[in-house]
Amino acid sequence: SFKNEISYYQDQLDSLFVEIDKKRDEIDNTKKYNQDYNNLVDQYNELVKQYQLFANNIKNIIEQYNSQVNIFNQCVAGL
């Protein structure tokens, strides 16, 4: 089940990365002293927060997965 969760979170990270990249391009092409600029920056910051949340979740799941793999490998080595 950890592999499925890792895949899910990786897909979410990939999608968010694309959105963040597009939002950054929008910000770069908007004048700084425009109200749209501030809204775009707020949207960008929210996307980055979501990305960080998914990144932290996937990191924890990968650590749990690796721990289980190590335990399995130790058991197999003892046979």
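Residues numbered from 1 in each chain as written. Predicted model: local features only at pLDDT ≥ 70, side-chain atom pairs only at ≥ 80, totals over all residues. Heavy atoms only, no water.

1. Focus on the nonpolar core
In terms of nonpolar packing, the biggest core is built from 14 residues, with Y9, I27, F54, I58 and I61 touching the most fellow members. Those elements that provide at least two residues to this core are α1 (2-28) and α2 (35-77). (Core = buried A, V, L, I, M, F, W, Y, C linked by side-chain atoms within 4.5 Å. Buried < 20%, exposed > 50% of the residue type's maximum accessible area, 1.4 Å probe, protein only. Helix = DSSP H or I, 4+ residues; strand = E, 2+ residues; numbered from the N terminus.)

2. Quick word on the environment of N38
Within the secondary structure, N38 is located in helix α2. Residue N38 is classed as partly exposed on the basis of its relative accessible area, which comes to 45%. Remark: the alpha-carbon pair of N38 and F2, spanning 36 residues in sequence, is separated by 39 Å.

3. Description of the side chain of K23
Following the sequence through the fold, K23 ends up in helix α1. Leave out the neighbours within four places in its chain, and K23 touches L40, Q43, Y44 and L47. (Contact = heavy atoms within 4.5 Å.)

4. Some thoughts on the pattern of salt bridges
Applying the stated criterion to the full structure yields two salt bridges. Ionic pairing is found between D21 and R24, a salt bridge with its closest N-O pair at 2.8 Å. Here D21 and its partner R24 are both found in helix α1, three residues apart, which amounts to about one turn of the helix. With a closest N to O distance of 3.6 Å, K23 and E26 form a salt bridge. One end of the pair is K23 and the other is E26, both in helix α1 and three residues apart, which spans about a single turn. Taking relative accessible area as the criterion, K23 reaches 13% and is therefore assigned buried. What makes E26 partly exposed here is its relative accessible area of 37%. (Salt bridge = Lys/Arg side-chain N within 4 Å of Asp/Glu carboxyl O.)

5. Examining α1
Structurally, the α-helix is built with 3.6 residues per turn, so residues lying three or four positions apart point the same way. A rise of 1.5 Å per residue sets the reference length of α1, with its 27 residues, at 39 Å; its end C-alpha atoms lie 38 Å apart and thus fit the reference within 8%. Taken as a whole, α1 has its buried residues at F2, I6, Y9, L13, L16, I20, K23 and I27. Tucked inside the fold, the buried residues of α1 contact α2. (Expected span 1.5 Å × (residues − 1).)

From the geometry alone we can't say anything about function, so treat these as descriptive.
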